[in-house]
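Chain by chain, the residues:
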Amino acid sequence: MKISVELTLTPIQDNYEPSIIHFIKKLRESELKVLENPLSTQVYGDYDTVMRVLTVEIKEAFELIERGLLYMKIVKSDRYDYEPHF
């Protein structure tokens, strides 16, 4: 089953950028398709693969920050090639 996941990591601390950059770079190194924009990062792929990667990388990201939030939306389909038609 293919899924699309939108992630927003929000460290609640000063000097937050390095932890966000580290998280995104780790996702880029995975076998997932990754798209980024200024507000969130999207990953696409097989459910089991995506969740395995996210479990490891979210845990590491949380270990590197003092406090933080992670917002995650999951869609049951691969929306990587989505183009609006309006």
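The structure this text deals with has already been given above.
Please read these numbers as outputs of a predicted model, since none were measured by experiment. (Residues numbered from 1 in each chain as written. Predicted model: local features only at pLDDT ≥ 70, side-chain atom pairs only at ≥ 80, totals over all residues. Heavy atoms only, no water.)

Asks: How would you summarise the nonpolar core if you had to cite specific residues and measurements?
Replies: By size, the foremost hydrophobic cluster in this structure holds 15 residues, and its most contacted members are Val5, Leu7, Phe23, Leu27, Val43, Val50 and Leu54. When contributions to this core are tallied by element, the ones reaching two or more residues are β1 (2-11), α1 (17-29) and α2 (47-64). Once residues lying within four places of it in the same chain are set aside, the contact partners of Leu7 are Phe23, Leu27, Ser40, Thr41, Val43, Leu54, Leu70, Tyr71 and Met72. (Core = buried A, V, L, I, M, F, W, Y, C linked by side-chain atoms within 4.5 Å. Buried < 20%, exposed > 50% of the residue type's maximum accessible area, 1.4 Å probe, protein only. Helix = DSSP H or I, 4+ residues; strand = E, 2+ residues; numbered from the N terminus. Contact = heavy atoms within 4.5 Å.)

Asks: With reference to specific residues and values, describe the packing of α1 against α2.
Replies: The N-to-C vectors of α1 and α2 enclose an angle of 160°; their axes lie 10 Å apart at closest approach. On the basis of the axis angle, α1 is roughly antiparallel to α2. The interaxial crossing formed by α1 with α2 has right-handed handedness. From α1, His22, Phe23, Lys26 and Leu27 reach across to α2, where they touch Val53, Leu54, Glu57, Ile58, Glu60, Ala61 and Leu64. Residue composition of the contact of α1 with α2, grouped by class: 7 nonpolar, 1 polar and 3 charged. (Axes fitted to C-alpha atoms, helices over the stretch in contact; angles between N-to-C directions. Parallel < 35°, antiparallel > 145°, perpendicular 65-115°, else oblique. Left-handed = near helix turned anticlockwise from the far one by under 90°. Nonpolar A, V, L, I, M, F, W, Y, C, P; charged D, E, K, R; others polar.)

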